[in-house]
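# Geometric and topological summary
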Amino acid sequence: MKTAMTRRTFLTKGSLVIAGTAMASQITLFNTSTTQATTQYPFKPHAFLEIAVDGTVTVWTGQTNLGQGSHTGIAMIIADELDAAWENVQVKTAIAAEPFKDPVWHAQATGGSTSIRHRWDLLRKVGSAGRQMLVEAAAERWGISADRCSAREGRVLHPDGHSLKYGELAEAAARRPVPDNPSLKSPQDYHIIGSVKKRLDIPDKVLGKTVYGFDFTLPDMCIAVVGRPPRFGAKVEGYDTQAALAIKGVLKVVPLENRVAVCAETTYGALQGRKALDIKWSEGSLPHLNDETLDLLFTDHLNKPGATAERSGDIAKALAQADRTIEQSYKLPYLSHAQVEPINCTAHVEKDRCRIWIPTQGQTATQHTAAKLTGLPVDKVEVMTTPAGGGFGLRGEQDPVVDSVLLAKILNRPVKVIFTREDDFANDYFRPASHCKITAGLDKEGRITGWSHQVAAPSVMSRVMAQYVENGVDADAVSGITDMVYSIPNKRVTYAMVNLPVSVGWWRSVGYSINTFTVESFMDELAHIAGNDPLAFRLAHMEKDSRAYNILSLLADKCGWGDSPSPGRARGIAVASCFESYAAHMAEVSVGKNGKITVHKVVCALDCGTAVHPDAIRAQAEGGVVMGLSAAFHEKIRFKNGGVDTANYYDYPVLSMSEVPEIEVYIAESQLKAGGIGEPVLPSVAPAVANGVFKATGVRLRELPFKTGLLARN
Amino acid sequence: MIELHVNGKGKSVDVASDTPLLWVLRDNLGITSVKYTCGVGECGVCTVLIDGESVRSCSITAKEAAGRKILTIEGIPDDHPVKIGWLEKQVPQCGYCQPGIMLQAVDFLTRNPTPTDTQINEAMDDVICRCGSHPRIKKAIRFAAEMTTKQGG
Ligand code: FES
Ligand code: FES
């Protein structure tokens, strides 16, 4: 199997190779062609940018290709500052390494819509440094000063009109020092950033050539599936090793801590082997846990005093003196990522190194997990990131890494651990369920005077970044409330942590995917009670945030908010900001007599700062609408008898083709720093639909997925 | 031994006859463009064409497929309107679901070369794309249909 990711492919002779790293927000660039990097900084010479003597420009990236299109975006940024000829540019995934660590997080990871926004300066500087070195190399050859030369489309131009190609200059440029502070272009000079480009990874995906982690194979590799507890706290009570070994291709049954692995020569052998194993499990620690008991537990927490996440002004006084006070509660369920490629990881542990092939969103975490299990130093763990069949936040989890490394050690050969779909649903790190209660006061003019908001939800942060949970507050659980786009004079946000053995994790848009539904639904309720138009009411509360004001205005303009929709249809809007971008949605809906909601059209307006790759941004925005509608209409993880009761997609339908509305996407003109895309495009979808449904029927949907039964008319 | 006919070539494989075709193609023949997602016929990412008809390879055994003409995405010519349409409309996001969905589209367009939007929705309603490439799948199918009509296909 070709992996295209071995270190041998680096450092072709004569190439100009530039790496960069950013620690404590200071960017340092290295000319690794001269191995300068290894002496200056303890990293191996992996690179962002490699210009070969034949003119090929290779952009190496440490970011994971989950389908979000940022590989092409990253290459576009570098290529623009480099003044490369786009047709010579290719992008490759690098082995995990120091220079690919996130400049803000100091760990290599793909998540939080950071691939570009955390590297905006770094990527541009890498490209610009390359251009400057090539220009200087040409100037030296011509014996003129560098400022008389210019660069365009992969060539350095002499003032007389003749030129040298980058490939011809690469070797000379490689011997030059990297400029400390290469000058960056003004936005009006961009010619690749913001242009129409085909995504570089799409041809292979269309031809079926992309090798995902699940497809990866090595000589002598075996495949393992693992039987894991089907209920919280359940323990292995027995299993039939002989029956498993009797299955064709099964090599070994390996008990691990409270789980049992079956290793086989083929996937089918491993699957059949695990079935034959017929593991008996104990009842578990919470046999009474089910949807109803969970619901009661959350309600109970909603009425408990919560930890203070935000307090400003005097909320008690504001509510007491309000002309009207309004109180409502909302509920959102646990959600699965349901990414199409099941979780997997391949490990090969040797005496002095461990190699891992994984569609991961957390390379550094993977290195640390494997280092701990093998006793090898972290830099002896080589992580090769494969393309991922979706991820949405799940793929930073370490369980498949642990199992594949442990098994590879025991079997002394490469092992690929795979999850089945059923494993994926049962062992997901779900988006937390969340219940909330909001109380607000309106004055006589219909302005919000106070907002009190209590959230009851499990905490993702207390598992993955406990140091950020302060005074009992998980900032993620209340995100979108504490930093809402509205100016509220008196505000209180409180949080009651729900502690359960149900594992929770990051899910696209994280806390914003939850709290935008509640904040934007409630804003709509307030607008209605205030007798104001939903748009005008929102705009009137946006004094502090001009980008929010502008994006909502752009949406209103593009969707024709002032015009009436076709007969029988109604419109709702919602807006949110997260990950340094702003998105607003308008949903046009109709509701049938039986309560069936049809979403006819969704318009999305997006301000993501500089739009690096508009077509990929549109694709993300379309995907955000589809996933947002899917969560609004269908998705909910169910629990029964102390375990997960959702087995496969038949229990967890996702949006289907006929439910997908017409989608229009408008991207605001901006020269600001590039913001996030993948996540900001989702949160305001569901509330826009709920608000449209209210407009159509007068019925307010305060729970996800929508209970359309509430809408049926006789 | 089971004799399979895949992408124009005969292959014999030594597997239990009730092995799902999906795993035979992937494990024994190394054709990993045929994907696994649900294993129970719910998603369509494992779709192959058998005698021209789209079939979910997780839900048919090697024995049932024996001797019949199996096509995977590699067996569809690179200039096929569906492949061109998918490139032109930049359909894939993660791309994992796409080979199966494209094969289902090939089958559908063969049976219905000039589909309406409603027919496209109906024919493609039972596939799963978690990334939400649906709007582009619809566009690519329309593109492929128009291209076929123009070619006089
Ligand atoms: S894997 Fe065959 S239909 Fe899903
Ligand atoms: S493109 Fe990712 S699931 Fe379809």
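What you see is a predicted model, and the numbers here were worked out from it, not measured in a lab.

## Some points on the overall build of chain A
The helix and strand tally for chain A stands at 18 helices and 28 strands. With respect to the three principal axes, the spread of C-alpha positions in chain A is 80 × 75 × 45 Å. The buried share of chain A, taken over its 714 residues, is 62%. In chain A, of all internal contacts separated by at least 6 residues, the share reaching a separation of at least 24 is 76%. Summed over its atoms, the accessible surface of chain A is roughly 26,400 Å², and 49% of this surface lies on carbon and sulfur atoms. Computing the positive centroid from 76 side-chain charges and the negative centroid from 76, chain A places the two 2 Å apart.

## Regarding the overall build of chain B
The helix and strand tally for chain B stands at 6 helices and 5 strands. Listing every helix and strand of chain B by position from the N terminus yields β-β-α-β-β-α-β-α-α-α-α. Taken along the three principal axes of its C-alpha coordinates, chain B extends 45 × 35 × 20 Å. A buried classification covers 57% of the 153 residues belonging to chain B. A separation of at least 24 residues holds for 57% of the contacts in chain B among residues at least 6 apart in sequence. Roughly 5,800 Å² of accessible area belongs to chain B as shown, and the carbon and sulfur atoms make up 48% of that amount. Positive and negative charge centroids in chain B, built from 17 and 18 side chains respectively, lie 6 Å apart.

## Notes on helix 16 (residues 546-559) of chain A
Residues and elements named next belong to chain A. Under the 1.5 Å per step criterion, the end-to-end length of helix 16 is 20 Å for 14 residues, consistent within 8% with the ideal 20 Å. Three or more residues of helix 16 are buried, namely A548, I551, L552, L555, A556 and C559. Each buried residue of helix 16 sits inside an arc of 140° when the element is viewed along its axis, so together they form one side. Residues of helix 16 that are buried make contact with helix 15 (534-540), strand 23 (570-578), strand 24 (581-591) and strand 25 (597-607). Of the residues one or two after helix 16, G560 is the one with positive phi, at around 65°.

## Quick look at helix 1 (residues 21-28) of chain B
Burial within helix 1 of chain B is extensive, with 6 of its 8 residues counted as buried. Tucked inside the fold, the buried residues of helix 1 of chain B contact helix 7 (267-277) of chain A together with strand 1 (2-6), strand 2 (9-13), strand 3 (47-50), helix 2 (62-65) and strand 5 (69-71) of chain B. G30(B), located one to two residues past helix 1 of chain B, shows a positive phi value of around 70°.

## A short note on the interface of chain B and chain A
Taken together, the contacts link 46 residues of chain B with 59 residues of chain A. Contact between chain B and chain A buries roughly 4,300 Å² in total, counting both sides, with carbon and sulfur atoms accounting for 58%. Our enumeration of links across chain B and chain A arrives at 7 salt bridges. Put simply, D215(A) and K35(B) hold a salt bridge, and the shortest N to O gap is 2.4 Å.

## Description of the nonpolar core
Ranked by size, the top nonpolar core spans 107 residues in total, and within it Y334(A), F639(A), L4(B), L21(B), W86(B) and I141(B) carry the most contacts. For this core, the element with the most residues is helix 4 (residues 98-111) of chain B, which contributes 7 residues. Apart from residues no more than four positions distant in its own chain, F639(A) is found in contact with F232(A), L289(A), N290(A), D291(A), L294(A), Y334(A), F430(A), V502(A), V644(A) and D645(A). Core analysis: the second largest hydrophobic core is formed by 82 residues, I481(A), L555(A), M586(A) and L704(A) among them.

## Examining the environment of E350(A)
Residues and elements named next belong to chain A. When you line up the elements, E350 lands in the loop between strand 16 (344-349) and strand 17 (354-358). Classification of E350 by relative accessible area gives partly exposed; the value is 27%. Considering only alpha carbons, one finds E350 and R413, 63 residues apart in sequence, at a separation of 8.6 Å. E350 has contacts with R355 and L376, leaving out every residue within four places of it along the chain. Polar side-chain contacts of E350 include one of 3.4 Å to the side chain of R355.

## Considering the domain arrangement of chain B
All names here are of chain B. Taken domain by domain, chain B holds domain 1 (2-75) and domain 2 (81-151). For domain 1 and domain 2, the distance between their C-alpha centroids amounts to 21 Å. In this assembly, 18 residues from domain 1 lie in contact with 14 residues from domain 2. Between domain 1 and domain 2 the total buried area reaches about 1,300 Å² when both faces are included, carbon and sulfur atoms providing 59% of it. Between domain 1 and domain 2 we count 1 salt bridge in total. Residue R56 is joined to D126 by a salt bridge in which the shortest nitrogen-to-oxygen separation is 3.5 Å. Elements with a minimum of two residues in the side of domain 1 that touches domain 2: strand 3 and strand 4 (53-56). Classifying every residue of the side of domain 1 that touches domain 2 by side-chain character gives 7 nonpolar, 7 polar and 4 charged.

## Digging into the sheet that holds strand 21 (residues 448-457) of chain A
The pairing of strands in a sheet comes from backbone hydrogen bonds and takes either a parallel or an antiparallel form. All names here are of chain A. Strand order in this open sheet of 5 strands is 14-22-21-20-15, and the pairing throughout is mixed. The open sheet terminates on both sides in strands that have one partner only, identified here as strand 14 (307-312) and strand 15 (324-332). Sheet twist, expressed as the mean angle between neighbouring strand axes with direction ignored, is 10°. Direction of pairing for strand 20 (residues 434-442) relative to strand 21: antiparallel, over a ladder of 8 bridges. Within the sheet, the bridge partner assigned to T439 lies in strand 21 and is S452. Those strands touched by helix 14 (residues 510-529) are strand 15, strand 20 and strand 21, and its axis lies near 150° from that of strand 15.

## Remarks on the pairing of strand 22 (residues 490-497) of chain A
Residues and elements named next belong to chain A. Burial runs high along strand 22: 6 of the 8 residues are buried. Bridging between strand 14 and strand 22 involves 5 bridges; their strand directions are antiparallel. Within strand 22, the residue paired with E310 across the bridge is V493. Pairing of strand 21 with strand 22 involves 8 bridges; the strand directions are parallel. Considered in strand 22, the bridge of V455 is made with Y495.

## Notes on the UniProt feature "domain: Aldehyde oxidase/xanthine dehydrogenase a/b hammerhead" (unreviewed entry) in chain A
Under the UniProt annotation, "domain: Aldehyde oxidase/xanthine dehydrogenase a/b hammerhead" (unreviewed entry) lies at residues 207-285 of chain A. Here residues 207-285 of chain A runs as 22% helix and 30% strand, with 48 Å between its end C-alpha atoms.

## Some thoughts on the pattern of salt bridges
All names here are of chain A. Following the criterion strictly, the structure yields 50 salt bridges over all chains and no others. One salt bridge connects E703 with K707, and the closest N-O pair in it is separated by 3.4 Å. Among the charged side chains, a network of salt bridges with common partners joins E520, D524, E525, R538, R700 and R702.

## Observations concerning the packing of helix 14 of chain A against helix 18 (residues 685-697) of chain A
All names here are of chain A. Between helix 14 and helix 18, whose axes approach to 8 Å, the crossing angle comes to 30°. As judged from the angle between their axes, helix 14 and helix 18 are roughly parallel. Along this stretch, helix 14 crosses helix 18, giving a crossing that reads as right-handed. Contact residues: T516, F517, E520, S521, D524 and H528 in helix 14; A686, P687, A690, N691 and F694 in helix 18. By residue class, the composition of the contact of helix 14 with helix 18 is 5 nonpolar, 4 polar and 2 charged.

## Topic: the packing of helix 17 (residues 614-633) of chain A against helix 6 (residues 134-150) of chain B
Following both chains from N to C, one finds helix 17 of chain A and helix 6 of chain B inclined at 115°, their axes separated by 8 Å at the closest point. The pairing of helix 17 of chain A with helix 6 of chain B is recorded here as roughly perpendicular in orientation. Of helix 6 of chain B, the residues touching helix 17 of chain A (which contributes D615(A), R618(A), A619(A), E622(A) and V626(A)) are H134(B), P135(B), R136(B) and K139(B). Among the residues forming the contact of helix 17 of chain A with helix 6 of chain B, the class breakdown is 3 nonpolar, 1 polar and 5 charged.

## What about the sheet that holds strand 24 of chain A?
Residues and elements named next belong to chain A. Read across the open sheet, the 4 strands follow the order 23-24-25-28; overall the sheet is mixed. Each end of this open sheet is capped by a strand with a single partner; those strands are strand 23 and strand 28 (662-667). Ignoring which end each strand starts from, the neighbouring axes of this sheet average 15° apart. Summarising the sheet, strand 23 and strand 24 pair through 9 bridges and their orientation is antiparallel. In the sheet register, G572 faces strand 24, and the bridge partner there is A587. Strands strand 24, strand 25 and strand 28 of the sheet are contacted by helix 17, whose axis makes an angle of about 130° with strand 28.

Criteria and thresholds
- Residues numbered from 1 in each chain as written.
- Chains lettered and ligands numbered in written order.
- Predicted model: local features only at pLDDT ≥ 70, side-chain atom pairs only at ≥ 80, totals over all residues.
- Heavy atoms only, no water.
- Helix = DSSP H or I, 4+ residues; strand = E, 2+ residues; numbered from the N terminus.
- Buried < 20%, exposed > 50% of the residue type's maximum accessible area, 1.4 Å probe, protein only.
- Contact = heavy atoms within 4.5 Å.
- Areas by Shrake-Rupley, 256 points an atom, 1.4 Å probe, with all protein chains shown as cover.
- Lys, Arg positive; Asp, Glu negative; His and termini not counted.
- Charge placed at Lys NZ, Arg CZ, Asp CG, Glu CD.
- Expected span 1.5 Å × (residues − 1).
- Arc of directions from axis to C-beta.
- Buried area = accessible area lost by both parts, 1.4 Å probe.
- Salt bridge = Lys/Arg side-chain N within 4 Å of Asp/Glu carboxyl O.
- Core = buried A, V, L, I, M, F, W, Y, C linked by side-chain atoms within 4.5 Å.
- Polar contact = N/O pair within 3.5 Å; in protein donor to acceptor, adjacent residues only side chain to side chain.
- Domains from an automatic or database assignment.
- Nonpolar A, V, L, I, M, F, W, Y, C, P; charged D, E, K, R; others polar.
- Pairing = 2+ DSSP bridges.
- Axes fitted to C-alpha atoms, helices over the stretch in contact; angles between N-to-C directions.
- UniProt positions renumbered as here; feature names shortened; annotations may be inferred.
- Parallel < 35°, antiparallel > 145°, perpendicular 65-115°, else oblique.
- Left-handed = near helix turned anticlockwise from the far one by under 90°.

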